[in-house]
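Topology and contacts: notes
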Amino acid sequence: MTPRPSSSGPDPRKTTGKEPAGKKTAEAAEKAAPQKAVPKKTAAKKTAAEKAPTKKAVAKKKVTAKQVTQKSAVGKTAAGESAAGKSPVGKTAVGKAAAKKAAPKRAAPRAAAASPAAEVAVSPALDASDRERLLAGTHHDPHAVLGAHRVPGGVAFRAFRPYALAVTVLAGELRLELHDDGDGFFSGLAPLREVPVHRLLVAYDGTVQEAEDPYRFLPTLGELDLHLIGEGRHEQLWRALGAHPTTHDGVAGTRFAVWAPNARGVRVAGGFNFWDGTGHPMRSLGSTGVWELFLPGVGAGELYKFEITRPDGSRTLRADPLARRTEVPPATSSVVHASDYTWGDEEWLAHRADVPAHEAPMSVYEVHLPSWRPGLTYRELAEQLPAYVADLGFTHVELMPVAEHPFGGSWGYQVTGFYAPTARLGDPDDFKYLVDRLHRAGIGVLMDWVPAHFPRDDWALAEFDGRPLYEHSDPLRAAHPDWGTLEFDFGRREVRNFLVANAVYWCEEFHIDGLRVDAVASMLYLDYSREPGQWTPNEHGGRENLDAVAFLQEMNATLYRRVPGVVTVAEESTAWDGVTRATHHKGPSGFGGLGFGLKWNMGWMHDSLQYMSHDPVHRAYHHGELTFSMVYAYSENYVLPISHDEVVHGKKSLVSKMPGDWWQQRANERAYLGYMWAHPGKQLLFMGQEFAQGAEWSEAHGPDWWLLDPEYGAAADHRGVRDLVRDLNTVYRATPALWRRDTHPSGFSWVVGDAAEDDVIAFLRLDADGTPLLAVSNFAPVVRSAYRLGVPDEVPAWHEVLNTDAARYGGGDVVTPDPVKPEPQGLHGRPASIRLTLPPLATVWLRPA
C-alpha cells in the first residue's frame, strides 16, 4: 500500500455555528462528557475499513454545532471558531462508525472533563513555526508540541501523520476525530482536566490502522545514561544508543537513540514508515547531542536509518553507528536486533583468567571466516572450524575483522558497522553460536579490531551529522594517507567512548577472549606516512599523537578491568617504548605504557623470513637476521606472526618464499616452523600455511583444500606438513619450558648462536624449575654428523621428541631414536656436550630422557 499525500487545503467540513461564542457553561460541558461521546445509533454493522473516511466522504459530511454540543466530548469554543479562518477544532465521532468499530472499548478510567468557565480555551492547532520546523525536519523537541498536552480549556491533541486522511483519538470511551490542519497535521481539543492515555486511529486511503502515539511517551534514556555519555565514560554505550526492542510504559516497541550534536533535526526512517521519516522526528536530549524516540509497534528485524538534517539544511540518510545488526552488503540499512541466545560456555569463562596469557601456551590459527570454507555460514562454520582447529592442537583462533564492512576486498579492515558482526555469514546470534562452539571445544577466540580509521562512505560515519564528528576536524589529521580513509578523532571524549565501549562490547556480548588491535603504529605518530608540512607537532613539539596514546591506555585499562582473562594484542610495527607495559608505569620516553598484553613481533617476522628466503649457500652472510631477535626478545611480550599480510600481494605463500626445489621448499618450511615454535613468544599461523599451500591467499576462494585430497598426487607432501603442525602444537602444549617463561630472560639460554658457517643455531628453553628443552636448527641442505653441542651436565640423557625431517612429515628420516648421553667434554661454556646427527634443512627438539 502506497499512502497518497494529504491535502494541503482547508477542511471542507464546516459547522453551522448556531450557538453564540462564549455561552457554554459547566453544565453544558458536563452534558458533553466523554461517556456520552459515541451515540447509540451508530451503524455498527459496518467495518472500520468500510467506514474509514476518505477525502471525498469527508467533503460531503457536515456536523452542526448543535450535534457537537449534544453528542461530543469536545465543545466548540470562541477561540476555536476564530482561529484565523480555520474550521472549528472540535470535530467529533458523530456518524463516524469507522472509529467506533475499529477501536474496542478500553478499560482505562474516564478522563475528567474540564470546566470551560475556569479558563478560556485556545486553538490546539500548531503554530506556523512548529509546522515549518516539523516539515523541514529541524524540530529539536517534537514531543513538546505533538501528542497530548494541557492547554487552557482542556487537553489539546496533535498528530503529525503525513498521507493520513483522518486521525481519531481513542481514550477510554472518548472518540475524538481530529481536525485536518493540512500537510499531515491534525489537532483537536477535549475539555479534560488530565491528559489521558490515548491511542490513534489513523485512516489512510483503503485502510485504517490503530496505533500508539509515539509522542505521548517520556524519554527512554535516564539522567545517568546522559551524564555518562556527556562525560565520555559510558562503558556500555551500546545499551544506551542504537535501536533496542523494549517495553516502555507497558507498550512494546523500539527505542532509537543516536549521537548527532551538529544536526538541526533527526528523524527515523525505515520499512515501518515506507522509508519516509517525515512523521517520526526525534527529540534532542539537551547538550549531550543525543536524539531519542520510542516507536511503539516496531520490533526486531525492522530495517531503519537515521535521516539527519545537516547544519546547512540538507539531509542525509545514515546507518546507525551503534547498530547491532545490518543488512547483507551491498545493502546498507541497519536492522533492529534482539538477542535470545543462550550461552553454554560457562566452564570456559570460569577458568579463562586462571593463568595470564603471557604465561600460558598460546598457538594461534588465523582465519578469514568468509573464505576459510567459502559459502559457509557462522553456524555451518561452527560444525567444522572447532573440530579442525582442535585436531591441529591450536589453543586459539584469531578471526580477521568480523565487524560489518561494505567492501569484501578490504578483508574487513574498513569497518562501517563497528557493533555488528558481518551479515554475510548470518545474524549476531549465529556468530555467538560459533564463538560458543569454539569455547566448548577448548579454543579461545581472538578478533581483529580496527579502531584506527573508517571508510568515507556517505551513509556511514564520515561527516555523520554534516560536520566532522567521528573524524578529526583538521583535514590533514583526518585523512589517512595510505588507505583513503578517515582517522578517528581520539581527542574527542565521545569518540573515545564510542571506541572503548566497542572493545568492551565484543568481549562482554560475544565472549571474545582478546582483541588484536590493527594498525597501532598509524595511530601513534602524527607524521605516519606524512611528508613535512603535512602534519603539526603535538603540544610538546613531538611527533607522538598524545590523543591516541591516551585512548589506547584507556581502552586497555577499561577492558582488563571489566573482562577477566581477556588479552589485547597490538600490531605495532615500530620500536615504540612500552607497548605491553602497564599504563601507570612510565618508561624512558616519559610515557606510561600502552597497557597491551602482547605485541606482534614484526621485526622477528621480517628478519627471519628474509633469512629463509636466501639460498643456503648465502645464509652464512645473513646469520644475524636469524639471531638478532634475541637482542630485544624481552623488551615486550611478543607474538610471532606469520599472518595474512605475509602471504598476499606478491609476497608469496610461506612455502613459496623458500629457495630450492619442491623437496627443499617443504623442508625449509618445516625447519622454519620448528624454529618458530621453539623461539620465545607465542606463535600465529595463517590458514593454508599449515599444509604448505603454494599459492598466495585469495579472499575469493580461500585455502586450496584440494591439495589434501588423497586423489591428488602430491597430497602426502601437504599432509606431512600439516601433521608436523599438529605435532608441534602437541609437544608445545605439553612442554612448559616453551611458554611458561616466555617474557622472562631466564627462560632462554643460547647454546650456539654464532655458527654462521654451519647455518646452525641451538638454544635451551627453560621452565620455572629449570627443566630444559634443547632446540637445534640446521638451515644447511647437508647432514651434519656428530655435531657437538654444549649442554648442562645435570641432564643424564636427552631424548628426541620432534624432528622436522621425519619421514611422516615428508622428510628424509634422518632421526635419532635412541637417547643421547652427555660426554664430560665441555663446550660452548658448558661442562658437558652431546654429539648429534643433524638432518638437512631441519629442526630437532630434545628433552631430558
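Residues numbered from 1 in each chain as written. Predicted model: local features only at pLDDT ≥ 70, side-chain atom pairs only at ≥ 80, totals over all residues. Heavy atoms only, no water.

**Description of the overall build of the chain**
Scanning the chain from N- to C-terminus turns up 21 helices and 35 strands. For the chain, buried positions account for 59% of its 849 residues. Taking the contacts inside the chain whose residues are at least 6 apart along the sequence as the reference set, 73% of them involve residues at least 24 apart. Approximately 32,400 Å² of the chain is accessible, and the part contributed by carbon and sulfur atoms is 51%. (Helix = DSSP H or I, 4+ residues; strand = E, 2+ residues; numbered from the N terminus. Buried < 20%, exposed > 50% of the residue type's maximum accessible area, 1.4 Å probe, protein only. Contact = heavy atoms within 4.5 Å. Areas by Shrake-Rupley, 256 points an atom, 1.4 Å probe, with all protein chains shown as cover.)

**Remarks on the packing of aromatic side chains**
Tallying each qualifying case throughout the model produces 47 aromatic pairs. Relative to Trp506, the ring of Phe431 has its centre 6.4 Å away and its plane inclined at 80 degrees; by these criteria the two rings are edge-to-face. Highlighted residues: Phe431 in helix α12 (residues 428–440) and Trp506 in helix α14 (residues 493–509), separated in sequence by 75 residues. Residue classification places Phe431 among the buried residues on the basis of a relative accessible area of 0%. The ring centre of Tyr433 lies 4.5 Å from the NZ or CZ of Arg379, which sits over that ring. Arg516 extends its terminal NZ or CZ atom over the ring of Trp600, reaching a point 4.1 Å from the ring centre. (Phe/Tyr/Trp six-rings, centres within 6.5 Å; stacked < 30°, edge-to-face > 60°. Lys NZ or Arg CZ within 6 Å of the ring centre and 35° of its normal.)

**Describing the sheet that holds strand β12 (residues 283–284)**
Consider a sheet: its strands pair through backbone hydrogen bonds, and that pairing is either parallel or antiparallel. Across the sheet, 4 strands lie side by side as β9-β10-β13-β12; this open sheet has antiparallel pairing. Looking at strand neighbours, the two that pair on one side only are β9 (242–248) and β12, the edges of this open sheet. Here 7 bridges tie strand β10 (residues 251–259) to strand β13 (residues 290–296), and the two strands are oriented antiparallel to one another. Bridge pairing in β13 places Val258 opposite Trp291. (Pairing = 2+ DSSP bridges.)

**Points about the nonpolar core**
Counting residues in each nonpolar core, the largest one holds 178 residues, and the members touching the most others are Leu369 and Phe431. When residues in this core are grouped by element, the largest group, 10 residues, is from α14. If we skip the residues at most four places from it in the chain, Phe431 touches Leu369, Tyr378, Leu399, Val402, Pro421, Trp506, Phe510 and Ile512. (Core = buried A, V, L, I, M, F, W, Y, C linked by side-chain atoms within 4.5 Å.)

**A look at helix α20 (residues 662–678)**
Here α20 contains 17 residues, and its C-alpha end-to-end distance of 25 Å stays within 8% of the 24 Å for a straight helix at 1.5 Å per residue. Most of α20 is tucked away: 14 of the 17 residues are buried. At the N-terminal end of α20, a side-chain oxygen is found 3.2 Å from the backbone nitrogen of Trp663, two or three residues along, and the residue is Asp661. (Expected span 1.5 Å × (residues − 1). Polar contact = N/O pair within 3.5 Å; in protein donor to acceptor, adjacent residues only side chain to side chain.)

**Concerning the packing of helix α11 (residues 378–392) against α12**
Axis separation between α11 and α12 bottoms out at 8 Å; the angle between their running directions is 10 degrees. When the axis of α11 is compared with that of α12, the two are roughly parallel. Across the interface between the two elements, Tyr378, Arg379, Leu381, Ala382, Glu383, Leu385 and Pro386 from α11 touch Asp429, Asp430, Phe431, Tyr433, Leu434, Arg437 and Leu438 from α12. When the residues that make up the contact of α11 with α12 are grouped by side-chain class, the tally is 9 nonpolar, no polar and 5 charged. (Axes fitted to C-alpha atoms, helices over the stretch in contact; angles between N-to-C directions. Parallel < 35°, antiparallel > 145°, perpendicular 65-115°, else oblique. Nonpolar A, V, L, I, M, F, W, Y, C, P; charged D, E, K, R; others polar.)

**So, the pattern of salt bridges**
Where charged atoms of side chains with opposite charge meet at close range, the side chains can pair. Within the structure shown, the criterion is met by 39 salt bridges. The residue Asp430 makes a salt bridge to Arg379 at a minimum N-O spacing of 2.5 Å. Linking Asp430 in helix α12 with Arg379 in helix α11, this pair joins segments that are 51 residues apart in sequence. Look at Asp430 and you get buried, because its relative accessible area is 15%. A salt bridge links Asp518 to Arg516; the nearest nitrogen and oxygen atoms lie 3.0 Å apart. Judged by relative accessible area, which is 0%, Arg516 ranks as buried. Overlapping salt bridges bring together Arg233, Glu235, Arg496, Glu508, Glu554, Arg561 and Arg562 as one network. (Salt bridge = Lys/Arg side-chain N within 4 Å of Asp/Glu carboxyl O.)

**What about the confidence of the model for the chain?**
Should the pLDDT be low somewhere, the predicted coordinates at that spot are not to be read in detail. Per-residue confidence for the chain gives a mean pLDDT of 88; residues scoring 70 or more make up 86%. Predicted confidence for residues 1–111 stays below pLDDT 50, and this span has 184 contacts to residues more than four positions away or in other chains. (pLDDT = per-residue confidence, 0-100.)

**Side note on the environment of Trp411**
Counting through the fold element by element, Trp411 comes out in the loop between β19 (403–404) and β20 (417–421). In this structure, the C-alpha to C-alpha distance between Trp411 and Met400, residues 11 residues apart in sequence, is 7.2 Å. What Trp411 contacts, discounting residues up to four positions off in sequence, is His368, Met400, Pro401, His405, His644, Asp645, Val648, His649, Trp697 and Glu699.

**Thoughts on the sheet that holds strand β28 (residues 682–686)**
Ordered in space as β17-β18-β21-β24-β25-β26-β27-β28, the 8 strands form a closed barrel in which the pairing is parallel. Each strand axis lies, on average, 25 degrees off the axis of its neighbour in the sheet, ignoring direction. For strand β17 (residues 363–367) and β28, the ladder comprises 4 bridges, and the chain directions are parallel. Directly across from Tyr365, in β28, lies its bridge partner Leu685.

**Quick word on the environment of His234**
By the secondary structure assignment, His234 is in the loop between α8 (223–231) and β9. Owing to a relative accessible area of 7%, His234 belongs among the buried residues under this scheme. Discounting residues that sit within four places of it in the chain, His234 has contacts with Asp225, Leu228, Ile229, Ala240, Asn497 and Ala501. Within the local environment of His234, its side chain forms a polar contact with the side chain of Asp225, the two groups lying 2.7 Å apart.

**Quick look at the side chain of His679**
Secondary-structure assignment places His679 in the loop between α20 and β28. Among the polar contacts made by the side chain of His679, one reaches the side chain of Ser629 at a distance of 2.8 Å.

**Focus: the packing of helix α17 (residues 602–613) against α20**
Viewed as axis vectors pointing N to C, α17 and α20 meet at an angle of 150 degrees, and their least axial separation amounts to 11 Å. It follows that α17 is roughly antiparallel to α20 by the angle criterion. Of the two possible hands of crossing, α17 and α20 adopt the one that is right-handed. Where α17 approaches α20, its residues Trp604, Ser608, Leu609 and Met612 are matched on the opposing element by Asn668, Tyr672, Tyr675 and Met676. Along the lines of polarity and charge, the residues of the contact of α17 with α20 split into 6 nonpolar, 2 polar and no charged. (Left-handed = near helix turned anticlockwise from the far one by under 90°.)

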